[in-house]
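The residues making up each chain are set out below.
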Amino acid sequence: MYDYIYLVVATICISMTGILGGYYNRKNTDKSASALYSFVQICSVFVGWLILYLTDFSFDVAVLPYSLGFGVGYTLAMVGMIKAMDTGSVALTSLIMQLSLIGTTIWGFFFWGSKVTPSVVIGLGLVAVALVLCLYNGKEKVEQKNSKAWLMYVTVMFLGNACCTIFQKNQQLAFDGKHGAQLMCFATFFALVLCFIRFLRGEKGDVKRVLKTSAHFPILSGVSNVCSNFFVLLLAVSPLSPSLVYPVLSVGGLMVTMLFSLFAFHEKIKWWQWLGIAFGASAVALLSI
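Quick look at the structure, then. Bear in mind the structure is a predicted one, so any value in this text is a computation, not a measurement.

Comments concerning the overall build of the protein chain
Thought 1: For the protein chain, the helix and strand inventory stands at twelve helices and zero strands.
Thought 2: Ordered by position from N to C terminus, the α and β elements of the protein chain give α-α-α-α-α-α-α-α-α-α-α-α.
Thought 3: Relative to a compact globule of 289 residues, whose C-alpha radius of gyration would be 19 Å, the protein chain shows 18 Å and is just as compact.
Thought 4: The dimensions of the protein chain, computed from C-alpha atoms along their principal axes, are 55 × 50 × 40 Å.
Thought 5: Within the protein chain, the proportion of its 289 residues that are buried is 49%.
Thought 6: Within the protein chain, contacts between residues at least 6 apart in sequence are counted, and of these 87% link residues at least 24 apart.
Thought 7: Accessible surface, the protein chain: about 14,000 Å² in total, of which carbon and sulfur atoms supply 72%.

Structure follows, in structure tokens:
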């Protein structure tokens with residue numbers, strides 16, 4: 001019974017990153033807001049992983065290069081995500097984030113000896129169809145949701161999130177599943193440093209006002225990120241099958257975000273883009289098995 005509760009909570013937490021980012025962007029429109037969001041969000045993530053790391057302390061200096069790679073990827077993913085949500089659709093941005101699984105899947109073919117199964121082939125095909133449908137804007141002029149800026153940001157987000165998974169998987173393979181908490185603690189520390197530098201070099205804006213009115217969004221996003229990873233770790237040693245857990249996490253998180261996009265953010269998504277989201281959700285489920 002508790003395993004299913006963990007699964008539901010993890011799914012909700014995964015979706016909260018995009019939802020809270022969407023609310024934050026709608027409340028703050030100045031250019032400095034995204035840099036501040038990334039910095040505050042990663043601060044709360046780092047504090048969470050530091051606590052978890054201290055409760056399961058281990059250290060190996062050879063893990064640090066993996067942490068650095070993960071930290072750079074995480075920074076790119078979070079910065080790209082909040083900027084993409086500022087220039088485009090929350091639902092489509094969340095879909096592209098989930099489709100970053102394709103990068104990990106392709107990497108696995110070449111470096112992890114992953115097998116090319118029918119579900120993988122079908123999943124990759126659905127990814128291609130989903131991307132075409134979601135990015136196609138019809139005969140109308142290019143709108144904000146498919147602007148060059150949005151495409152650039154979601155590409156950065158896509159590559160960054162794929163790098164996170166690749167570095168995490170490589171570290172776990174190299175160290176026989178050990179030092180996972182160390183990896184995440186130092187990775188989030190490196191990401192914190194990078195986000196702080198970006199914040200200092202960018203436009204500051206009205207920091208006090210943003211923190212006073214909107215600090216809870218990135219803080220809750222960071223807490224949700226840590227909680228989702230924590231519950232995923234619990235699910236990894238639960239009796240539930242991975243073929244159930246990972247599709248539910250991926251597709252379920254995407255579905256929750258889509259519902260918020262439709263009813264809370266009132267996003268206008270064309271019918272073929274909804275079809276693309278459906279294909280993308282199916283692809284994520286197949287690639288997660």
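Brief notes about the side chain of N25
Thought 1: Along the chain, N25 turns up in helix α1 (residues 2-27).
Thought 2: At a separation of 3.0 Å, a polar atom in the side chain of N25 contacts the main-chain carbonyl oxygen of I82.
Thought 3: Leaving out residues up to four positions away in the same chain, N25 has contacts with I82, M85 and D86.

Looking at the nonpolar core
Thought 1: In this structure, I42, Y74, L99 and I277 are the most contacted members of the largest nonpolar core, which totals 50 residues.
Thought 2: If you list the elements that add at least two residues to this core, you get α2 (33-55), α3 (64-87), α4 (90-98), α6 (118-135), α7 (148-174), α8 (180-201), α11 (242-263) and α12 (271-288).
Thought 3: Residues in contact with I42, not counting those within four places in the same chain, are Y74, T188, A191, L192 and C195.
Thought 4: If you look at the next biggest cluster of nonpolar residues, it comprises eleven residues, including L20, A33, Y37 and F199.

Quick word on the environment of I82
Thought 1: Within the secondary structure layout, I82 lies in helix α3.
Thought 2: A relative accessible area of 0% means that I82 is categorised as buried.
Thought 3: In contact with I82, other than residues within four places in its own chain, are G21, Y24, N25, S34, Y37 and S38.

Considerations on a nonpolar patch on the surface
Thought 1: A contiguous nonpolar surface patch, about 450 Å² in accessible area, is contributed by L68, V72, L76, M152, V156 and L194.
Thought 2: Of all elements in the fold, only α3 and α7 reach the threshold of two or more residues within the nonpolar patch.
Thought 3: For the nonpolar patch, the element with the highest residue contribution is α3, accounting for three residues.
Thought 4: Residue position: L76 is located in helix α3.
Thought 5: The exposure class of L76 is partly exposed, given its relative accessible area of 39%.

Considerations on the side chain of S228
Thought 1: If you trace the backbone, S228 turns up in helix α10 (residues 216-236).
Thought 2: S228 gets classed as buried once you look at its relative accessible area, which sits at 8%.
Thought 3: With residues near it in sequence (within four places) discarded, S228 still touches A10, C13 and I14.

Looking at the packing of aromatic side chains
Thought 1: For the coordinates displayed, the defined rule picks out 16 aromatic pairs.
Thought 2: Both rings, one in Y24 and one in Y37, keep their centres 4.7 Å apart while their planes meet at 55°; by these two values the pair is tilted. Of the two residues, Y24 is situated in helix α1 and Y37 in helix α2; the sequence distance between them amounts to 13 residues. One exposure class covers both Y24 and Y37, and it is buried.
Thought 3: An aromatic cluster is built from Y23, F217, F260 and F265, whose rings are joined through pairwise contacts.

Considerations on unusual backbone geometry
Thought 1: For H179, which is not glycine, the phi torsion reads 65° and is therefore positive.
Thought 2: Residue placement: H179 occurs in the loop between α7 and α8.
Thought 3: For H179, a relative accessible area of 18% corresponds to the buried category.

Quick look at the packing of helix α5 (residues 101-111) against α7
Thought 1: The geometry of α5 relative to α7 is characterised by a closest axis approach of 8 Å and an angle of 45° between their N-to-C directions. Here α5 lies oblique to α7, going by the angle between them. Seen from above, α5 lies across α7 with right-handed handedness. For the pair α5 and α7, the contacting residues are I102, G103, T104 and W107 in the first and F158, A162, T165, I166 and N170 in the second.
Thought 2: Residues belonging to the contact of α5 with α7 are distributed by class as follows: five nonpolar, four polar and no charged.

Rules of the game
Residues numbered from 1 in each chain as written. Predicted model: local features only at pLDDT ≥ 70, side-chain atom pairs only at ≥ 80, totals over all residues. Heavy atoms only, no water. Helix = DSSP H or I, 4+ residues; strand = E, 2+ residues; numbered from the N terminus. Rg over C-alpha atoms; globule rule 2.2 N^0.38 Å. Buried < 20%, exposed > 50% of the residue type's maximum accessible area, 1.4 Å probe, protein only. Contact = heavy atoms within 4.5 Å. Areas by Shrake-Rupley, 256 points an atom, 1.4 Å probe, with all protein chains shown as cover. Polar contact = N/O pair within 3.5 Å; in protein donor to acceptor, adjacent residues only side chain to side chain. Core = buried A, V, L, I, M, F, W, Y, C linked by side-chain atoms within 4.5 Å. Patch = residues over 30% accessible without salt bridge, like charges linked within 9 Å, V, L, I, M, F, W, Y side chains within 5 Å. Salt bridge = Lys/Arg side-chain N within 4 Å of Asp/Glu carboxyl O. Phe/Tyr/Trp six-rings, centres within 6.5 Å; stacked < 30°, edge-to-face > 60°. Axes fitted to C-alpha atoms, helices over the stretch in contact; angles between N-to-C directions. Parallel < 35°, antiparallel > 145°, perpendicular 65-115°, else oblique. Left-handed = near helix turned anticlockwise from the far one by under 90°. Nonpolar A, V, L, I, M, F, W, Y, C, P; charged D, E, K, R; others polar.

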